[in-house]
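Single-letter residue listing:
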Amino acid sequence: MRFLPVKPYLETEADAAPNAFALFGAPFDATASFRPGSRNGPAGLRQASEGIETYCPIRKKDLEEIAHADLGDLELPMGDTARTLEIIRKSAEDIHGCGFRPFLLGGEHLVTLPVVQSLADKHPDLCVLQFDAHADLREDYLGVRLSHACVMRRVLERLNKTCLFQAGIRSGTREEWSWMESGDRLYEILPKTMEEIAFQIDGRPVYLTVDIDVLDPSVCPGTGTPEPGGATFVELDRAFHALESLHVVGMDLVELAPDLDPTGVSSVVAAKLVRSMLLSFG
């Protein structure tokens, strides 16, 4: 693994305890279909984390008590999508092989694919729980199959259809909606539906992927494809809290584009979501 040195998330000291989450960045947005900039997501998120506390009064937990480490950012060849995905996959395999759980900071949503592929090799019954505004189930986008608009379709080439659970989706083609509705795995972000997801997954290993555009643009405008009608921060945070019983073996936060929000609020929101995810599933 080759990582570029960075100032670590929340400047917390690395904890190499077994099964800890290992954060690593994938600064890649080569297939962005609307507004690029998510390659700056890992750096923006880490910088914003300097302004938040490690303690969460809702969970009564402190991040300093949760084992985790920040490995830095991967050095990626920006013009070579296939090579980039291979580097991410190999890095996730190495992280898992060292006894840690991968926590990827994106980058566009396509970076999720190689991490899921690596974990599916270790966990044949792996489920994917996707929080997102978009279905990401197209067969291709403008003839390109390896696109952030197609990432969940590619994931399903590795997993059974019944292993994908989607929450917060509010945008997609007619074909995508037909597919989702036929599968009965589409959920609103409500306490009751989070309980249903936990029941459906029932102890199986889970990969949690969070596209930050699941939030309403009034909460987080700094993303490449904002979609009105999304969740509030509190609703998403409560969803994580309700899902704490899940056996999460890996996760990511993707599609933060800090430069698209000159206020810096989106980066702070992303940094706090990472804290929520670590506290809920760490």
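Residues numbered from 1 in each chain as written. Predicted model: local features only at pLDDT ≥ 70, side-chain atom pairs only at ≥ 80, totals over all residues. Heavy atoms only, no water.

Asks: Help me understand the environment of Glu75, please; the structure alone is not making it clear to me.
Replies: With respect to the helices, strands and loops of the structure, Glu75 is situated in the loop between strand 5 (68-74) and helix 2 (81-97). Considering only alpha carbons, one finds Glu75 and Ile87, 12 residues apart in sequence, at a separation of 8.7 Å. (Helix = DSSP H or I, 4+ residues; strand = E, 2+ residues; numbered from the N terminus.)

Asks: Quick question: what am I supposed to make of unusual backbone geometry here?
Replies: Negative phi characterises most residues that are not glycine, and trans characterises most peptide bonds. Here the residue pair Gly106 and Gly107 is connected by a cis peptide bond, since its omega of 15° sits within 30 degrees of zero. Notably, Asp136 is not glycine yet its phi reads approximately 60°, a positive angle. Structurally, the position occupied by Asp136 is in the loop between strand 7 (127-131) and helix 4 (151-155). Classification of Asp136 as buried rests on a relative accessible area of 7%. (Buried < 20%, exposed > 50% of the residue type's maximum accessible area, 1.4 Å probe, protein only.)

Asks: Honestly, the packing of helix 7 (residues 233-242) against helix 8 (residues 265-281) in this entry has me stumped. Any pointers?
Replies: The description of two helices packed together rests on the angle between their axes and the distance between the axes. Closest axis-to-axis distance for the helix 7/helix 8 pair is 9 Å, and the angle between their directions is 15°. Classed by the angle they form, the pair helix 7 and helix 8 counts as roughly parallel. The way helix 7 lies across helix 8 gives a crossing that is right-handed. Where helix 7 abuts helix 8, its residues Phe233, Leu236, Asp237, Phe240 and His241 lie against Val269, Lys272, Leu273, Ser276, Met277, Ser280 and Phe281. Split by residue class, the contact of helix 7 with helix 8 holds 7 nonpolar, 3 polar and 2 charged. (Axes fitted to C-alpha atoms, helices over the stretch in contact; angles between N-to-C directions. Parallel < 35°, antiparallel > 145°, perpendicular 65-115°, else oblique. Left-handed = near helix turned anticlockwise from the far one by under 90°. Contact = heavy atoms within 4.5 Å. Nonpolar A, V, L, I, M, F, W, Y, C, P; charged D, E, K, R; others polar.)

Asks: Help me out: how do you make sense of the pattern of salt bridges in this one?
Replies: Pairing is possible between side chains of opposite charge, provided their charged atoms come close. In the structure shown here, the tally under the stated rule is 14 salt bridges. The partner of Glu139 in a salt bridge is Arg145, and the shortest N-O contact between them spans 3.1 Å. Between Glu157 and Arg145 there is a salt bridge; the shortest N-O distance is 2.8 Å. Of this pair, Glu157 sits in the loop between helix 4 and strand 8 (164-167) while Arg145 is found in the loop between strand 7 and helix 4, placing the two residues 12 residues apart along the sequence. Under the relative-accessibility criterion, Arg145 is labelled partly exposed at 38%. (Salt bridge = Lys/Arg side-chain N within 4 Å of Asp/Glu carboxyl O.)

Asks: Got a minute to help me understand the layout of surface pockets in this structure?
Replies: If a probe as big as a water molecule is rolled over the atoms, it shows which places are left empty. Here the largest pocket is characterised by a volume of approximately 280 Å³. Class assignment for the residues of the lining of the largest pocket results in 4 nonpolar, 8 polar and 6 charged. Its boundaries defined by the atoms lining it, the second largest pocket holds a volume of some 190 Å³. Each residue belonging to the lining of the second largest pocket can be placed in one class, and the counts come to 7 nonpolar, 3 polar and 3 charged. (1 Å grid on protein atoms, 1.4 Å probe; cavity = no way out; pocket = protein on both sides within 12 Å on 5 of 7 lines; lining within 4 Å. Points joined across faces, edges and corners; volume = space filled by probe spheres on them.)

Asks: Hey, could you run me through the packing of aromatic side chains in this one?
Replies: Geometry of an aromatic ring pair is reported as the spacing of the ring centres plus the angle between the planes. Scanning all chains against the criterion turns up 5 aromatic pairs. A ring pair is formed by Phe21 and Phe103, whose centres lie 6.0 Å apart and whose planes are at 70°; its orientation type is edge-to-face. Taken together, the residues span a long stretch of sequence, with Phe21 in strand 2 (residues 21-26) and Phe103 in strand 6 (residues 101-106) at a distance of 82 residues. Residue classification places Phe21 among the buried positions, given a relative accessible area of 1%. With a relative accessible area of 0%, Phe103 lands in the buried category. Following the ring pairs from residue to residue traces out a cluster consisting of Phe131, Phe240 and Phe281. Over the aromatic face of Phe21 sits the side chain of Arg101, whose NZ or CZ is 3.9 Å from the ring centroid. We note Lys161 situated over the ring of Trp179; from NZ or CZ to the ring centre the distance is 4.4 Å. (Phe/Tyr/Trp six-rings, centres within 6.5 Å; stacked < 30°, edge-to-face > 60°. Lys NZ or Arg CZ within 6 Å of the ring centre and 35° of its normal.)

Honestly, it's all geometry; don't read function into it.
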